[in-house]
Amino acid sequence: MNEIRMVDLSTQYKKMKSEIDSAIHNVLDSTAFIKGPEVKKFEEELATYLNVKHVIGCANGTDALQIAMMALNLKPGDEVITASFTYVATAEAIALLKLTPVLVDVYPNTFTIDVEAVEKAITPKTKAIVPVHLFGQAADMEPLMNLAKKHNLFIIEDVAQAIGCDYTFSNGKKVKTGTIGDIGCTSFFPSKNLGCYGDGGALFTNDDTLAEKIKMIANHGQSVQYYHDEIGVNSRLDSIQAAILRIKLKQLDAYAEARNHAAAYYDSAFVKHLNITIPARFSKSNHVFHQYTLKIEGASRDELRNYLQSKNIPAMIYYPVPLHMQKAYSNNRYKPGDFPVTEQLCKSVISLPMHTELNEEQLNIITQSVLSFFNK
Ligand SMILES: *Cc1c(COP(=O)(O)O)cnc(C)c1O
């Protein structure tokens, strides 16, 4: 049996090694390493897949968020509302631009941003909302879009963990997450659902003017070489990564299916267990299971993690510390107890191995090990 890993990129690579290797070699032969045809083709293919007008590659997901906020002309002191239960990159990009991250709590079942809490946090300084489609499921976009409209706010979707996931509007229309707000930002970090073999990221938008601005900012603020209209950054997706992503994009739906298969196996093992809450499914979204995250109650989550580790089964805590209690972000604005749902989640969640290569034998060992912890 293959070693059980949180993410098994090695087994996945072996299945498409010849295709990947030859794509990399083609780029090497072409020497079009930066802004080559592979990048353009990948951007077009991803735009078609997502049904969005523009995809603009960049160096990573954190840059994508930063570039999005620069493109929307957000200025120091502007407030940007996001969830306290997320990866740090979301708030980091906001803070780096000297905007004010305004954190709010999340829903206890789906772990995504609490729309009522967002509404309460809106002030005259609020300029944007950054919903995070956490763990592979959509945030509740329709009421967020309504709020944004009512208060004249931008929406930047952080879709680093949920590329390919659909959100269903009340009229029945299904739309890919990341293409609903003004700008969607994603990451192609190797362990993401669509991951490359290094760093990479992209922005999505249906707005032609914004797309031009994003391209310009990501390329030193120039649209004509050596004529710099704005202060920009240097943030590019490179051709080797784009060539790899073109191959993996064709598998993205199959990957989501494999992840759902593993999730269903986990679900059926844990659904009746009194100490375990399986991941809730949000009625307005499918789940692409970037993470499979349990809530543990009435037992020690940390002891469970150690127990699994002793059996060579990795498990991770996403996330152990809420953003409002991180040293870098816990300014005078916040105190422990402000976001009880987030704080409770940080104490009770545990994520099990989740990737495209989990087989029945591995799933059986993982589930049996989790269950045996409670029967010790
Ligand atoms: C991974 C991730 C990012 C950042 O992506 P990088 O490519 O690592 O910079 C941003 N937001 C969320 C929610 C993520 O999971």
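Before any of the text, the structure's been laid out above.
Starting afresh in each chain, residues are numbered from 1 along the sequence in its written order. Reporting of local features is limited, given that this is a predicted model, to residues whose pLDDT is at least 70; pairs of side-chain atoms are given and counted only at 80 or more, and all residues count toward the totals for whole chains, interfaces and linings. To get the side-chain values, take all heavy atoms of the structure and skip hydrogens and water.

Trainee: What's the story with the overall build of the protein chain in this structure? I'm lost.
Mentor: Helix and strand definitions here come from DSSP, where helices need a minimum of 4 consecutive H or I residues and strands a minimum of 2 consecutive E residues; each element is numbered from the N-terminal end. When you go through the protein chain residue by residue, the secondary structure sums to 13 helices and 14 strands. Compactness check: the protein chain gives a C-alpha radius of gyration of 21 Å against a globular reference of 21 Å for 376 residues, within 12% of the reference. Dimensions of the protein chain along its principal axes, counting C-alpha atoms only, are 70 × 55 × 40 Å. Only protein chains enter the area calculation, which uses a 1.4 Å probe; residues under 20% of their type maximum are buried, those over 50% are exposed, and those in between are partly exposed. Residues classed as buried in the protein chain amount to 57% of the 376 residues present. Here, residues are in contact when the closest pair of their heavy atoms is within 4.5 Å. Partitioning the contacts of the protein chain with sequence separation of at least 6, the portion at a separation of at least 24 is 72%. In these tables, accessible area is a Shrake-Rupley quantity obtained with a 1.4 Å probe, and a residue counts as shielded only by the protein chains included in the view. As presented, the protein chain carries roughly 16500 Å² of accessible surface, and 51% of it is formed by carbon and sulfur atoms. The globule rule is 2.2 Å times the number of residues to the power 0.38, and the radius of gyration it is compared with is taken over C-alpha atoms.

Trainee: What is the right way to read the packing of aromatic side chains from this model?
Mentor: Geometry of an aromatic ring pair is reported as the spacing of the ring centres plus the angle between the planes. Between rings of Phe, Tyr and Trp, where Trp is taken as its six-membered ring, a pair exists when centres lie within 6.5 Å; planes separated by under 30 degrees are stacked, by over 60 edge-to-face, and by other angles tilted. Under the counting rule described, the total for this entry stands at 16 aromatic pairs. Taken together, a centroid distance of 5.5 Å and an interplanar angle of 55° make the contact between Tyr 307 and Phe 373 tilted. In this pair, Tyr 307 is assigned in helix H11 (residues 301-310) and Phe 373 in helix H13 (residues 360-374), connecting sequence segments 66 residues apart. The class for Phe 373 is buried, based on a relative accessible area of 6%. Aromatic ring contacts, followed pair by pair, group Phe 85, Tyr 87, Phe 111, Phe 135, Tyr 318 and Tyr 319 into a single cluster.

Trainee: What is the right way to read the pattern of salt bridges from this model?
Mentor: When the charged atoms of two side chains with opposite charge come close together, those side chains can pair. Throughout this description, the term salt bridge denotes a Lys or Arg side-chain nitrogen within 4 Å of a carboxyl oxygen of Asp or Glu. Summed over all chains, the structure comprises 18 salt bridges. Two residues, Glu 212 and Lys 215, come together in a salt bridge whose shortest N-O distance is 3.4 Å. With Glu 212 and Lys 215 both in helix H8 (residues 208-218) and three residues apart, this pair spans about one turn of that helix. On the basis of relative accessibility, which here comes to 46%, the residue Glu 212 falls in the partly exposed class. One salt bridge in this structure joins Lys 335 and Asp 338, with 3.1 Å as the shortest N-O distance. The class for Lys 335 is exposed, based on a relative accessible area of 52%. Classification of Asp 338 by relative accessible area gives partly exposed; the value is 25%. Where salt bridges share partners, they join Glu 38, Glu 45 and Arg 246 into one cluster.

Trainee: Explain the site of the ligand here, please?
Mentor: Neighbouring residues are identified by heavy atoms, a residue being near a molecule or strand if any of them is within 4 Å of it. Neighbouring the ligand are 13 residues; Gly 61, Thr 62, Asp 158, Ser 187 and Lys 192 lie closest to it. Gln 161 places a polar side-chain atom, nitrogen or oxygen, 2.8 Å from an oxygen atom of the ligand. Bound to the protein, the ligand loses 92% of the 380 Å² it would expose on its own. For the shell around the ligand, the elements supplying multiple residues, two or more each, are helix H4 (61-71) and helix H5 (89-96). A class-by-class count of the residues in the shell around the ligand yields four nonpolar, seven polar and two charged. N or O atoms closer than or at 3.5 Å make up a polar contact, with two conditions inside protein: a donor-capable atom paired with an acceptor-capable one, and, for residues adjacent in sequence, both atoms drawn from side chains. Residues are grouped as follows: Ala, Val, Leu, Ile, Met, Phe, Trp, Tyr, Cys and Pro are nonpolar; Asp, Glu, Lys and Arg are charged; all remaining types, including Gly, are polar.

Trainee: Mind showing me how you'd approach the pairing of strand E2 (residues 79-83) here?
Mentor: Within E2, five of the five residues are buried, which leaves it mostly tucked inside the rest of the structure. Across four bridges, the pairing between E2 and strand E4 (residues 126-130) is parallel. Pairing of Glu 79 across the sheet is with Thr 126, part of E4. Here, any two strands with at least 2 DSSP bridges between them count as paired.

Trainee: Before we go on, may I ask you to explain helix H2 (residues 17-30) in this structure?
Mentor: Residues separated by three or four positions in an α-helix point in the same direction, a consequence of the helix having 3.6 residues per turn. Given the number of residues in a helix, its expected span is that number minus one, multiplied by 1.5 Å. Its 14 residues give H2 an end-to-end C-alpha distance of 20 Å, which sits within 8% of 20 Å, the value for a rise of 1.5 Å per residue. Taken together, the buried positions of H2 are Ile 20, Ala 23 and Val 27. One side of H2 holds all its buried residues, which, seen down the axis, span an arc of 65°. Opposite the packed face of H2, turned more than 90 degrees from it, sit the exposed residues Ser 18 and Asp 29. Where the residues of H2 are buried, they touch helix H1 (9-15), helix H3 (37-50) and helix H9 (239-249). By construction, the arc corresponds to the directions joining the helix axis to the C-beta atoms.

In short, geometric facts, not functional conclusions.
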